[in-house]
Amino acid sequence: MRLQSDYRSSHARRLVALLAGLKPDDEAAQRALQLLIAWDFEVRKDSAPAALYEVWFSRHLKAAVIAQMAPADRQVLLGEGDSRVILGILEQPDAKLGVDPFATRDRILSTSLVAALDDTVRLLGNDPGMWEWGKLHHALFVHPLAGLLDATVDATVGPIAKSGDEFTVNSSTYRRKDFRLISGPSFRMVLDVGAWNNSRVINTPGQS
């Protein structure tokens, strides 16, 4: 059960490791840097660093890498980009990032982090102590017949604050525009063979 509820992100750990050598002049960027470097990489719904990281990676860093690599008229063909490919490019920068790939990589990391900090402040306020990933990332279950029901009947479940992202064991992929859950485990079961009454099952969005 702990395994199926694992929210640690090795993807985040690898990406944040690239920030260790940066020394930004901007004071805001320094604060953002320290927040991420001190993070335990648990993408919990109550985590402030997780909120900053997810806004940074999904909305700013990937777009910055694509903008550097592709002409403007071809960027739309790449969409949001493949996250694993982009991480590989950042970990091992080469000529795809220009004549000085390491300097370009560090510039992309710094400028996108500043943009993400501004975006997170806009979304969650000026106080990082009040930031929580679950204030952005949420599950919302709308009944298929919701549009036909009387206005006094609320058949919608949520929004419910949600931990995780697409790279955690407890996977939780979301829409970039509003951080709403779009895919994840819908049914989980742990069976204690020989002591069946100890077994546990959960369905989405809950048990009837």
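Residues numbered from 1 in each chain as written. Predicted model: local features only at pLDDT ≥ 70, side-chain atom pairs only at ≥ 80, totals over all residues. Heavy atoms only, no water.

J.: I'm lost on helix 3 (residues 48-69) in this one. Help?
T.: Three or four residues apart is the spacing at which side chains of an α-helix point the same way, because the helix has 3.6 residues per turn. In this model helix 3 runs 31 Å from its N-terminal to its C-terminal C-alpha over 22 residues, within 8% of the 32 Å that 1.5 Å per residue would give. Remark: the principal bend of helix 3, roughly 45 degrees, maps to Phe57. Taking burial as the measure, the 22 residues of helix 3 include 17 buried ones, the bulk of the element. Structurally, the start of helix 3 carries an N-cap: the backbone nitrogen of Ala50 is 3.1 Å from a side-chain oxygen of Ser47. (Helix = DSSP H or I, 4+ residues; strand = E, 2+ residues; numbered from the N terminus. Expected span 1.5 Å × (residues − 1). Bend = angle between axes of the 7 residues up to and from the residue. Buried < 20%, exposed > 50% of the residue type's maximum accessible area, 1.4 Å probe, protein only. Polar contact = N/O pair within 3.5 Å; in protein donor to acceptor, adjacent residues only side chain to side chain.)

J.: Just checking my understanding: could you explain the nonpolar core for this structure?
T.: By size, the foremost hydrophobic cluster in this structure holds 41 residues, and its most contacted members are Leu15, Leu36, Trp39, Tyr53, Trp56 and Leu61. By residue number, the principal contributor to this core is helix 3, which donates eleven residues. With residues near it in sequence (within four places) discarded, Leu15 still touches Tyr53, Trp56, Phe57, Leu61, Leu87 and Leu90. (Core = buried A, V, L, I, M, F, W, Y, C linked by side-chain atoms within 4.5 Å. Contact = heavy atoms within 4.5 Å.)

J.: Teacher, can you tell me more about the packing of helix 1 (residues 10-17) against helix 5 (residues 83-91) here?
T.: Between two packed helices, what matters for the description is the angle formed by their axes and the separation of those axes. Running from amino to carboxyl end, helix 1 crosses helix 5 at an angle of 30 degrees, the nearest separation of the two axes being 10 Å. The angle between helix 1 and helix 5 places the two elements in the roughly parallel class. The handedness of the crossing between helix 1 and helix 5 comes out as left-handed. Touching His11, Arg14 and Leu15 of helix 1 are Ser83, Leu87, Leu90 and Glu91, all from helix 5. Its residues placed into classes, the contact of helix 1 with helix 5 shows three nonpolar, two polar and two charged. (Axes fitted to C-alpha atoms, helices over the stretch in contact; angles between N-to-C directions. Parallel < 35°, antiparallel > 145°, perpendicular 65-115°, else oblique. Left-handed = near helix turned anticlockwise from the far one by under 90°. Nonpolar A, V, L, I, M, F, W, Y, C, P; charged D, E, K, R; others polar.)

J.: Help me understand a nonpolar patch on the surface in this model?
T.: A cluster of nonpolar side chains, contributed by Phe187, Met189, Leu191, Val193, Trp196 and Val201, occupies part of the molecular surface with about 620 Å² of accessible area. On the basis of relative accessibility, which here comes to 46%, the residue Phe187 falls in the partly exposed class. (Patch = residues over 30% accessible without salt bridge, like charges linked within 9 Å, V, L, I, M, F, W, Y side chains within 5 Å. Areas by Shrake-Rupley, 256 points an atom, 1.4 Å probe, with all protein chains shown as cover. Salt bridge = Lys/Arg side-chain N within 4 Å of Asp/Glu carboxyl O.)

J.: Would you mind going over helix 6 (residues 101-124) with me for this structure?
T.: With 24 residues, helix 6 should reach 34 Å at 1.5 Å per residue; the first-to-last C-alpha distance of 34 Å fits that figure. Buried-residue contacts for helix 6 involve helix 2 (27-37), helix 3 and helix 5. Downstream of helix 6 by a residue or two, Gly125 has a phi angle that is positive, lying close to 100 degrees.

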